[in-house]
Amino acid sequence: KSGSTTLAASAAAMPEVQASHLLIKFSGSRNPVSRRTGESTAHISKEAAVAELKQWEEKIKSGQITFADAAAQRSDCGSYTRGGDLGPFGPGMMQKPFEDASFALKVGEMSGIVESDSGVHLILRTA
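The shown structure was predicted, so the numbers you read here are calculated from the model rather than taken from an experiment.

Rules used in this analysis
- Residues numbered from 1 in each chain as written.
- Predicted model: local features only at pLDDT ≥ 70, side-chain atom pairs only at ≥ 80, totals over all residues.
- Heavy atoms only, no water.
- Buried < 20%, exposed > 50% of the residue type's maximum accessible area, 1.4 Å probe, protein only.
- Helix = DSSP H or I, 4+ residues; strand = E, 2+ residues; numbered from the N terminus.
- Pairing = 2+ DSSP bridges.
- Expected span 1.5 Å × (residues − 1).
- Arc of directions from axis to C-beta.
- Contact = heavy atoms within 4.5 Å.
- Axes fitted to C-alpha atoms, helices over the stretch in contact; angles between N-to-C directions.
- Phe/Tyr/Trp six-rings, centres within 6.5 Å; stacked < 30°, edge-to-face > 60°.
- Lys NZ or Arg CZ within 6 Å of the ring centre and 35° of its normal.

**Re the pairing of strand β4 (residues 119-125)**
Next, step 1: Burial analysis of β4 places 7 of its 7 residues in the buried class, the great majority of the element.
Next, step 2: In the sheet, strand β1 (residues 17-24) pairs with β4 via 6 bridges, with the strands oriented antiparallel. Paired with alanine 19 across the bridge in β4 is arginine 125.
Next, step 3: As judged from the 3 bridges shared by strand β3 (residues 114-116) and β4, these two strands associate in the antiparallel manner. Its bridge partner being in β4, serine 116 is matched across the sheet by glycine 119.

So this is what it looks like as structure tokens:
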């Protein structure tokens, strides 16, 4: 049996998860344009994006705002219209750092800052 067959079989056996995220894009993002505003994010440094995301993280953790409301107000992903909800997804459907973080979370748990080719994220596993 080849290793790839075993990997494919184990990936197929992995359940889907569901997660929401708050994405902040920056100059190094794969497509540096906010889906929320339609504006370029090419002027935003990675450091500034991380610093801003940390502020949102603190507001969420302290109960000042819900995750969904924060994503609706600030996320640069088109999912902002759904409070950041990405729906269910399985292995291989998201960028690897995002997938790894999502599958590692318990339901109801929020990640720390996760970087992908899209930008920097906070991820909330919802199912």
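**Section: the environment of aspartate 100**
Next, step 1: Mapped onto the elements, aspartate 100 comes out in helix α4 (residues 96-104).
Next, step 2: As for aspartate 100 and valine 114, which are separated by 14 residues in sequence, their C-alpha atoms are 9.8 Å apart.

**A look at helix α2 (residues 46-61)**
Next, step 1: Taking 1.5 Å per residue as the helical rise, α2 with its 16 residues ought to reach 22 Å, and the 22 Å between its terminal C-alpha atoms agrees with that figure.
Next, step 2: Inspection of α2 places Ala49, Val50, Leu53, Trp56, Glu57 and Ile60 among the buried residues, and these make up the whole buried set. Along the axis of α2, the buried positions cluster into a sector of 120 degrees, meaning they face one direction only. Among the exposed residues of α2, those oriented more than 90 degrees off its buried face are Glu47 and Gln55.
Next, step 3: Along its buried surface, α2 packs onto β1, α3 (67-74) and β4.
Next, step 4: With its phi angle positive at about 85 degrees, glycine 63 sits one or two positions after the end of α2.

**Re the sheet that holds strand β2 (residues 85-89)**
Next, step 1: Here 4 strands make up an open sheet; going across it, the order is β2-β1-β4-β3 and the pairing antiparallel. Every interior strand has two partners, whereas the edge strands, β2 and β3, have only one. When the angles between neighbouring strand axes are averaged without regard to direction, this sheet yields 40 degrees.
Next, step 2: The sheet strands contacting α2 are β1, β3 and β4, and the helix crosses β4 at an angle near 20 degrees.

**Focus on α4**
Next, step 1: When α4 is considered as a whole, its buried residues turn out to be Phe98, Glu99, Ala101, Ser102 and Phe103.
Next, step 2: Along its buried surface, α4 packs onto β1, β2, β3 and β4.

**Considering the packing of aromatic side chains**
Next, step 1: Under the criterion given, the structure shown has 2 aromatic pairs.
Next, step 2: These aromatic residues form a ring-pair network of at least three members: Phe89, Phe98 and Phe103.
Next, step 3: Looking at lysine 59, its charged tip hangs above the ring of tryptophan 56, at a distance of 4.6 Å from the centre.

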